[in-house]
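As a plain string of letters, each chain reads:
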Amino acid sequence: MSPWASWTLLATGAVFVLVPSVALLRGWRPGGLWWSEGPVSLLGSAGVALYGVVLAGEVPRLAGTSADVRAACAYTALGLVALATALVVLYDHLAQPSRSKRR
């Protein structure tokens, strides 16, 4: 990937992933989540973890590091994807109304 594409990915990820994620962490609730009882900070944390995936993938490439460092960063990115998935699943579990409330 060219350096221009890497910088573009970092910038668009910052705008479209990092900014809304930080807003969720600071307490902002988008219109579609007003009804939800789940903690939206979990979704914000998942977004920050996903931006960490972008950083772990692109920064070593831009820095021109060795293949071993890029592989270690790729494994770190894989762990961050697993963390983000776990946070979204936890949010979904906590946001569902309890069975006693459904009756």
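Placed above this text is the structure.
Residues numbered from 1 in each chain as written. Predicted model: local features only at pLDDT ≥ 70, side-chain atom pairs only at ≥ 80, totals over all residues. Heavy atoms only, no water.

Trainee: Would you mind showing me how to read the environment of Val 88 here?
Mentor: With respect to the helices, strands and loops of the structure, Val 88 is situated in helix 3 (residues 67-95). The partly exposed category is assigned to Val 88, whose relative accessible area is 40%. Separated by 41 residues in the primary sequence, Val 88 and Gly 47 place their C-alpha atoms 9.4 Å from one another. Those residues in contact with Val 88 that sit more than four places away from it in its chain are Leu 43 and Ala 46. (Helix = DSSP H or I, 4+ residues; strand = E, 2+ residues; numbered from the N terminus. Buried < 20%, exposed > 50% of the residue type's maximum accessible area, 1.4 Å probe, protein only. Contact = heavy atoms within 4.5 Å.)

Trainee: What exactly am I supposed to notice about the side chain of Ser 6 here?
Mentor: For Ser 6, the position within the fold is in helix 1 (residues 3-25). Look at Ser 6 and you get buried, because its relative accessible area is 1%. Leaving out residues up to four positions away in the same chain, Ser 6 has contacts with Met 1, Glu 58, Arg 61 and Leu 62.

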